[in-house]
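# Coordinates in review
Below, each chain spelled out in residue letters.
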Amino acid sequence: MFYKENNDDELRLGDVLEGYVLSSISIKKPKQPEYKIDVKIPDYCIILTPCCSIEKGQIILSPLIHILRDFSKNEYFAEDLIRINRKMPPDKKFPVQEWNVFTPQKKLEIESKGPSQYSNVNYFIYEPHEKLKTYELNHHQINYYMIDFKRTHRLKCSMIKRKTEMVPSDMEILQSKLLQLSDSSRDDLRNKLSYFYWRLGED
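Residues numbered from 1 in each chain as written. Predicted model: local features only at pLDDT ≥ 70, side-chain atom pairs only at ≥ 80, totals over all residues. Heavy atoms only, no water.

Looking now at the pattern of salt bridges. Scanning all chains against the criterion turns up 14 salt bridges. In this structure, D8 engages R12 in a salt bridge whose closest nitrogen and oxygen atoms are separated by 3.2 Å. For D8, a relative accessible area of 21% gives the class partly exposed. Judged by its relative accessible area of 18%, R12 falls in the buried class. One salt bridge connects K161 with D170, and the closest N-O pair in it is separated by 2.8 Å. Using a relative accessible area of 5% as the deciding quantity, one classes D170 as buried. (Salt bridge = Lys/Arg side-chain N within 4 Å of Asp/Glu carboxyl O. Buried < 20%, exposed > 50% of the residue type's maximum accessible area, 1.4 Å probe, protein only.)

Compared with the 22 Å implied by 1.5 Å per residue over 16 residues, the 22 Å span of helix α4 (residues 183-198) between its first and last C-alpha is a close match. If you check which residues of α4 are buried, you get S185, R186, D188, L189, K192, L193 and F196. The arc enclosing the buried residues of α4, seen along the axis, measures out at 155°, which places them on a common side. Projecting away from the buried face of α4 at angles above 90 degrees are the exposed residues D183 and W198. Taken together, the buried residues of α4 touch β7 (123-126) and β10 (145-148). (Helix = DSSP H or I, 4+ residues; strand = E, 2+ residues; numbered from the N terminus. Expected span 1.5 Å × (residues − 1). Arc of directions from axis to C-beta. Contact = heavy atoms within 4.5 Å.)

Okay, structure coming up:
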């Protein structure tokens, strides 16, 4: 089970939220006054702050975005997109045709990183749910979504507190909570997010 059947009355890592404003800043180069602020209200966003750190009026959010078309080129992913969230045999990280043309030296180099590896290390896939809108991808209607760990935004709101510190007026923020991950799915997210920040070298 990817999602919990009933949401807890608190904010948790991996929660799907709606109704939030996200902003990002672009500059041409440091130490120059020129900048651009991009403001968006995505349909959905995800909490990337660890559960124990959701407090003191701020959280880190990432927009829930559409799946990349290229994922369908990998036969292993095409069977089940959620496989991207977990470690896999090295050869499954690539489409069969691509793996078959690698030289023995290239395969050995990839396999030397371990018998079980992450693919697409900055992405985490969310399963379809009736509460999530459908969209077209490769001529099919789907409602799989994903987050990109590279796209994060800090948001401040005085209602963001530990559960034990919330007062009745703070509970309104829970109305923005659409879905909650199951414990096992949250573990998958936590593990891949940790790997993304702690890995050495490029994958």
